[in-house]
Amino acid sequence: MPFAVYMLGLAVFAQATSEFMLSGLVPDIAADLGVSIPQAGFLTSAFAIGMVVGGPLLAMLTLRWPRRTALVAFLVAFAAAHVLGAVTDDYGVLLATRIVGALANAGFWAVAAGAAVSMVEPDKKARAMSVVMGGVTLACVAGVPGGAMLGQLWGWRSAFWAVAVLSVAGVAAVLASIPAGRPDAPSAGLRAELRSLVGAQLLTAYAMNALVQGATFCTFTYLAPLLTEVSGYGAGWVPAMLVLFGVGAFVGITVGGRIADARPYLILLTGMSALTLGWAVLALSAGAAVAVFVLVFVQGLLAFGIAPVLTSRTFYLADGAPTLAGGFTTAAFNVGNTAGPWFGGLAIDAGLGFRSPVWTSALMMLVALATLGLAVALRRREARNETPVVAAV
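Residues numbered from 1 in each chain as written. Predicted model: local features only at pLDDT ≥ 70, side-chain atom pairs only at ≥ 80, totals over all residues. Heavy atoms only, no water.

Trainee: Is there a simple way to think about the nonpolar core in this case?
Mentor: Ranked by size, the top nonpolar core spans 101 residues in total, and within it Leu 8, Ile 29, Phe 108 and Met 272 carry the most contacts. Of the residues forming this core, the biggest block, 14 residues, is contributed by helix α5 (residues 91-118). Sequence-distant contacts of Leu 8, that is, excluding residues within four places in its chain, are made with Leu 71, Phe 108, Ala 112, Ala 115, Ala 116, Met 119, Val 132 and Ile 178. (Core = buried A, V, L, I, M, F, W, Y, C linked by side-chain atoms within 4.5 Å. Buried < 20%, exposed > 50% of the residue type's maximum accessible area, 1.4 Å probe, protein only. Helix = DSSP H or I, 4+ residues; strand = E, 2+ residues; numbered from the N terminus. Contact = heavy atoms within 4.5 Å.)

Trainee: What exactly am I supposed to notice about the environment of Gly 50 here?
Mentor: Here Gly 50 lies in helix α3 (residues 37-61). Those residues in contact with Gly 50, other than ones at most four positions away along the chain, are Ala 102, Leu 103 and Ala 106.

Trainee: Help me understand helix α10 (residues 223-231) in this model?
Mentor: An α-helix turns once per 3.6 residues; consequently, residues spaced three or four apart project the same way. Listing the buried residues of α10 in full gives Leu 223, Leu 226, Leu 227 and Ser 231. In an axial view of α10, the angular spread of the buried residues amounts to 95°, which keeps them on one side of the axis. Within two residues after α10, Gly 232 carries a phi angle of roughly 85°, on the positive side. (Arc of directions from axis to C-beta.)

Trainee: Sorry if this is basic, but what is going on with the packing of aromatic side chains here?
Mentor: The way to describe two aromatic rings as a pair is by their centre distance and the angle between their planes. Taken as a whole and judged by the stated rule, the model has seven aromatic pairs. Ring geometry for Phe 220 versus Phe 245: centroids 4.9 Å apart, planes at 40°, classification tilted. Pair noted here: Phe 220 is in helix α9 (residues 200-221) and Phe 245 is in helix α11 (residues 237-259), with a separation of 25 residues, a long-range link. The pair Phe 220 / Phe 245 is uniform in exposure class, with both members buried. An aromatic cluster is present here, built from Phe 217, Phe 220, Phe 245, Phe 304 and Phe 333 joined pairwise through their rings. (Phe/Tyr/Trp six-rings, centres within 6.5 Å; stacked < 30°, edge-to-face > 60°.)

Trainee: Sorry if this is basic, but what is going on with the packing of helix α12 (residues 264-284) against helix α13 (residues 289-305) here?
Mentor: When two helices pack together, their arrangement is given by the angle between the helix axes and by the axis-to-axis distance. Remark: α12 packs on α13, axes separated minimally by 10 Å, with the N-to-C direction vectors making an angle of 155°. Compared by their axis directions, α12 and α13 come out roughly antiparallel. For the crossing formed where α12 meets α13, the hand is left-handed. Taken together, the residues of α13 that come into contact with α12 (itself represented by Ala 274, Leu 275, Gly 278, Trp 279, Val 281 and Leu 282) are Val 292, Leu 295, Gln 299, Leu 302 and Ala 303. Taken together, the residues that form the contact of α12 with α13 break down as nine nonpolar, two polar and no charged. (Axes fitted to C-alpha atoms, helices over the stretch in contact; angles between N-to-C directions. Parallel < 35°, antiparallel > 145°, perpendicular 65-115°, else oblique. Left-handed = near helix turned anticlockwise from the far one by under 90°. Nonpolar A, V, L, I, M, F, W, Y, C, P; charged D, E, K, R; others polar.)

Trainee: Which parts of the structure should I look at to understand a nonpolar patch on the surface?
Mentor: Taken together, Phe 42, Ile 49, Val 53, Leu 57 and Leu 61 make up a surface patch of nonpolar side chains, about 460 Å² in accessible area. Here Ile 49 shows up in helix α3. (Patch = residues over 30% accessible without salt bridge, like charges linked within 9 Å, V, L, I, M, F, W, Y side chains within 5 Å. Areas by Shrake-Rupley, 256 points an atom, 1.4 Å probe, with all protein chains shown as cover. Salt bridge = Lys/Arg side-chain N within 4 Å of Asp/Glu carboxyl O.)

Trainee: How should I be thinking about the environment of Ile 49 in this particular structure?
Mentor: Ile 49 gets classed as partly exposed once you look at its relative accessible area, which sits at 44%. Expressed as a C-alpha distance, the spacing of Ile 49 and Val 335, which sit 286 residues apart in the sequence, is 8.0 Å.

Listed below in C-alpha cells is the structure:
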C-alpha cells in the first residue's frame, strides 16, 4: 500500500474517534450544559444524519476539486468545529458544530475513499479500503476509550481538543503524502458519474452495506446493558469488552482486506452466514459470560472482516464514478449506523428485553443474505447477457 493510504487511515482515526466518543461523554455534557440526557444523546444522532446527507452532497460539490485541496479543506473545517465545540457553553452551538463536523467528515470520507482506490492497482481496491477503514477500528480500540478517559480526567471538552489536535496532524499528513493534483484522470462530470451509479447491482451493494453495518451497530450500541443485565458482568467490564470488540474488528479488517479482492462473493457468503449465526448464538447464550466474551471478539472480527468487500464492491461496480461512489458508500454505511440502533431501541421499548437487539441484528443479517442472493442472480444474468454470440456463416 502507498504511504498516502496509511495517512488517510490516520485522518479517519481522528474523525471516527469523534463520531463514537460521545457514548462515554453524554452524562458530563448534559450536566455541564444544563440539558437532558436525551438532548445530549441527540448530538450523536445529529452527527450520523449529517454523515448520511453530507457524503453524496459534498462529493458532488467537490467533484472537480484537486483531491488534496478537498481533503485539507474538510479536515480544517472538522478541526475548527471541534475547537468551537470545546469552548462553547451553548447547546445549540454545540449541536451546530456536530452537524458541521459530520458534513466535513462525510466529505472527507467520500474523497478519501476515491483517492485510496485510485492509488493502488485495480485488483487491490478492497485492501486499500481496509487500510482507510482501519482508522475506524483503531478508534474503537484506542480513540473512544481514550476520549472517555480524557473526559473523566479533565472534562468532556478535553476530548474535543484532542480530536482537533489529531485533525491538525491529519492535515499535515495529507499535505505531506497526497499529490497536489488529482492522482487519476479528471472527472467526466457530475452527470457522467451519476449515470455510472445507476444499476441494480450497485443498489444491492449499498443495501448490503447498510444492512450489515446496521446489524453490527444495533448490538454494539446496546452491548453495555446486555453485559450487565443479562451476562452478569460488572459495569467495570464494559470498557474492556468494547475494546475486545474493537480488537476483533481490527484483526478482521486487516485480514479481510488482504483476501477480499480475490473471491469477493465467496467471502461475502461465508462471512455473512457466519455473522448471522453468530448473532443468533450470542442472543441464545447471552447468559453465559464465557460464551459472550468469545462471541464479542468473533463478531467484531466477522463484521469488519467483510467490510472491505462491502465497501470496495461499489468502486468495482461504479468504476466511472469514483468520487460519487465514495459519497454514496459513506451514506449507506451511516444509514446502517442510524437505523440499526433505532431498531434495537424499538425492540427494547417494546418490552422484549436486552437480548432483543441481538435478535434484531440476526434478522437484519438474514435480509442482507437475501440481498446477496439477489446480487449474485443479477451478476449471473448480466454475465449471460454479455456472452458473445458467434453468428453462423
